[in-house]
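Descriptive structure summary
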Amino acid sequence: ERPLTEQQGGAHDIGAVAVLRGENGTNRQGFCLYVGGGLGPSPQVAQLLEDFTPVEDLLVTVAAILRVFDRLGNRENKYLARLKFVIRNLGMDKFRELVFKERTGLRAVLAGKIPPIVLSAEPDRPSPGGAQHVGAPNGDPEFGRWRLTNVRPQKQAGYFMVSVRLTLGDVTAQQLRVLAFVARQFADGWLRTTNQQNVLFRWVPGASFPAVYRLLKGAGLADPSADRLADITACPGADTCQLGITSSRGLALAIGEIFRNGHAHLADEAGLRIKISGCPNSCGHHHIAGIGFSGGSKEFHGNQVPTYQVFLGASLNLDGTRYARPTIKVPAKNAPALVGRLLDLYHAERVDGEKFDGFVERIGAARIREAVKDLTDLLPQADAPDAYVDWGGEAQFRVKVGVGECAS
């Protein structure tokens with residue numbers, strides 16, 4: 001059974017987590033609000049603003065946060081124009097005081113002008129009928145694996161969520177037409193994008209799995225391992241981004257190969273993700289990965305080489321978020337081998353039931369560095385010319401960056 005979805009509220013400027021509070025025998029709807037999170041070169045975990053914001057107060061509270069930020073945010077340096085820096089300067093107690101004071105004033109000014117948020121339960125759906133457990137379409141042995149990794153039950157009996165794994169987040173126009181057809185015919189008419197670079201159907205009856213699978217497979221969209229270890233997230237990197245230093249997409253494809261050759265038995269492992277950014281700005285979310293990569297460069301034997309800072313052991317949950325920690329730097333061409341080495345070490349030395357973040361914390365950075373030490377160096381260029389070329393590249397690596405669109 002798949003674990004609970006990652007809790008990512010701690011990584012955002014404003015994170016709202018839906019909660020119910022019992023009052024007078026009823027469940028009152030609201031949100032637990034976190035503020036000041038962020039990734040990039042200066043990561044910060046969001047802090048709790050208040051543990052219960054009634055649903056009717058959500059918009060006015062967000063407006064109050066924005067007004068405080070508008071007054072006190074950095075207008076001189078876009079790289080410091082984030083809520084996390086305002087909170088660092090003020091302290092959380094002072095920031096909370098200013099937000100609540102602002103909210104009190106806004107309630108009076110905006111009374112009757114803010115549309116109410118109506119959180120209603122999902123509409124009742126007709127019984128799906130039919131068998132909920134069906135055999136593989138036309139004896140396809142991959143159907144069972146797809147069913148195991150890409151399908152999750154909803155709380156509404158008989159209905160399921162179906163994840164469609166998009167390699168590198170890429171999808172063609174023809175594939176989108178197929179996805180639209182599946183959404184209309186076998187789901188609720190909606191196709192949802194996710195921040196895992198995949199798409200998601202909801203309200204799929206169990207009896208429809210064979211038809212959905214056949215259509216997706218015909219369009220090249222039935223890859224298993226959605227949201228599992230082999231499903232790697234990567235930003236555009238140097239392929240298209242002016243801030244990109246390394247080819248994060250190229251590395252993602254290279255690492256993906258180890259889950260077809262040598263480590264195929266680990267491809268469907270849940271609860272451990274690999275995420276890659278082509279620069280320190282964390283557009284690929286390397287700070288919230290079990291194994292994260294941040295692109296950079298280093299000189300070996302007088303030549304620039306694409307490298308990655310490796311981040312290990314993120315822990316995401318409502319009780320506390322811990323970002324992955326920088327542990328070691330590795331040349332880009334050695335990164336797939338490093339992933340394989342780390343996974344082998346984890347499976348050889350973990351204790352029963354130990355998650356990857358707990359394993360990293362227990363054995364420590366020094367032990368990990370020692371296990372992969374040989375992968376951190378390179379032979380001279382004359383002896384290993386390919387190591388001085390980035391993944392997917394043809395010429396010797398050179399750092400070329402321009403003015404980017406993102407800010408940390």
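Here the structure is a predicted model, which is why all the values come from computation and not from measurement. (Residues numbered from 1 in each chain as written. Predicted model: local features only at pLDDT ≥ 70, side-chain atom pairs only at ≥ 80, totals over all residues. Heavy atoms only, no water.)

Points about the packing of helix α4 (residues 142–150) against helix α6 (residues 209–218)
Relative orientation of the contacting elements α4 and α6 amounts to 105°, with a least axis distance of 11 Å. As summarised for this structure, α4 and α6 are arranged roughly perpendicular, according to the angle between their axes. For the pair α4 and α6, contact is made by E142, F143, W146 and R147 and by F209, P210, V212, Y213 and L216, respectively. When grouped by side-chain class, the residues that make up the contact of α4 with α6 number seven nonpolar, no polar and two charged. (Axes fitted to C-alpha atoms, helices over the stretch in contact; angles between N-to-C directions. Helix = DSSP H or I, 4+ residues; strand = E, 2+ residues; numbered from the N terminus. Parallel < 35°, antiparallel > 145°, perpendicular 65-115°, else oblique. Contact = heavy atoms within 4.5 Å. Nonpolar A, V, L, I, M, F, W, Y, C, P; charged D, E, K, R; others polar.)

Re a nonpolar patch on the surface
Taken together, V171, L176 and L191 make up a surface patch of nonpolar side chains, about 200 Å² in accessible area. Along the chain, V171 falls in the loop between β5 (159–164) and α5 (173–186). (Patch = residues over 30% accessible without salt bridge, like charges linked within 9 Å, V, L, I, M, F, W, Y side chains within 5 Å. Areas by Shrake-Rupley, 256 points an atom, 1.4 Å probe, with all protein chains shown as cover. Salt bridge = Lys/Arg side-chain N within 4 Å of Asp/Glu carboxyl O.)

Description of the environment of G105
Along the polypeptide, G105 turns up in helix α3 (residues 92–109). On a C-alpha basis, the gap between G105 and N150 in space is 48 Å, while along the polypeptide they are 45 residues apart.

Focus on the pairing of strand β9 (residues 274–277)
Here β9 shows two buried faces, one formed by I274 and I276 and the other by K275 and S277. Here strand β8 (residues 233–234) pairs with β9 via two bridges, running parallel. Note that in β9 the partner of A234 across the bridge is I276. For the handedness criterion, the β-α-β arrangement of β8, helix α7 (residues 248–258) and β9 is classed as left-handed. Summarising the sheet, β9 and strand β10 (residues 291–300) pair through four bridges and their orientation is parallel. Note that in β10 the partner of K275 across the bridge is G292. (Buried < 20%, exposed > 50% of the residue type's maximum accessible area, 1.4 Å probe, protein only. Pairing = 2+ DSSP bridges. Right-handed = clockwise from strand over helix to strand, strands pointing away.)

Quick notes on the sheet that holds strand β2 (residues 26–35)
Read from one edge to the other, the open sheet built from three strands follows the order β1-β2-β3, with strand pairing classed as antiparallel. Edge positions in the open sheet fall to β1 (14–23) and β3 (47–54), since each of these has one partner strand only. For this sheet the average axis-to-axis angle between neighbouring strands, irrespective of direction, equals 25°. Pairing of β1 with β2 involves ten bridges; the strand directions are antiparallel. Across the sheet, I14 pairs through a bridge with V35, a residue of β2. Those strands touched by α3 are β2 and β3, and its axis lies near 30° from that of β3.

Here's the deal with the nonpolar core
Counting 38 residues, the largest nonpolar core has I255, F259, I274, I276, I291, F293 and L338 as its most contacted members. The set of elements that each furnish at least two residues to this core consists of α7, β9, β10, β11 (303–312), β12 (325–331), α8 (335–349) and α9 (356–371). Here the element with the most residues in this core is α8; it accounts for seven residues. Sequence-distant contacts of I255, defined by excluding residues within four places in its chain, comprise I232, I274, I276, F293, P336 and V339. Core analysis: the second largest hydrophobic core is formed by 23 residues, V151, A183, F201 and A219 among them. (Core = buried A, V, L, I, M, F, W, Y, C linked by side-chain atoms within 4.5 Å.)

Comments concerning the sheet that holds β5
Spatial strand order, β4-β5-β7-β6: four strands in an open sheet with antiparallel pairing. The sheet is open, and its two borders are formed by β4 (151–153) and β6 (192–193), each paired with just one other strand. Contacts from α4 reach β4 and β5 within the one sheet, and its direction differs from that of β4 by about 50°. Against the sheet, α5 engages β5 and β7 (199–205), with an angle of about 25° to β7.

Points about the environment of Q174
Tracing the backbone through its elements, the reader meets Q174 in helix α5. What makes Q174 partly exposed here is its relative accessible area of 48%. Measuring from C-alpha to C-alpha, the distance between Q174 and A219 comes to 8.0 Å, with 45 residues separating the pair along the chain.

Concerning the packing of aromatic side chains
Under the defined criterion, the tally for this structure stands at nine aromatic pairs. When the ring of W146 is compared with that of Y213, the centres are 5.2 Å apart and the planes differ by 55°; the resulting orientation is tilted. Here the residue W146 occupies a position in helix α4, and Y213 occupies one in helix α6, the gap between them amounting to 67 residues. When the centroid spacing of 5.2 Å and the interplanar angle of 90° are considered together, the rings of Y346 and F356 count as edge-to-face. Here F356 lies in helix α9 and Y346 lies in helix α8, a separation of ten residues in the sequence. These aromatic residues form a ring-pair network of at least three members: F143, W146 and Y213. Of note, K333 hangs over the ring of W391, and the distance from its end group to the ring centre comes to 5.0 Å. R350 extends its terminal NZ or CZ atom over the ring of Y346, reaching a point 4.7 Å from the ring centre. (Phe/Tyr/Trp six-rings, centres within 6.5 Å; stacked < 30°, edge-to-face > 60°. Lys NZ or Arg CZ within 6 Å of the ring centre and 35° of its normal.)

Comments concerning the confidence of the model for the protein chain
Averaged over every residue, the pLDDT of the protein chain is 90; the share at 70 or more is 91%. Confidence, expressed as mean pLDDT per element, reaches its minimum in the protein chain at β1 with 89 and its maximum at β9 with 98. With pLDDT under 50 throughout, residues 1–5 is counted as low confidence; its partners more than four residues away or in other chains account for ten contacts. Long-range and interchain partners of residues 126–134, a stretch whose pLDDT sits below 50, account for 16 contacts in this model, where long-range means more than four residues apart. (pLDDT = per-residue confidence, 0-100.)

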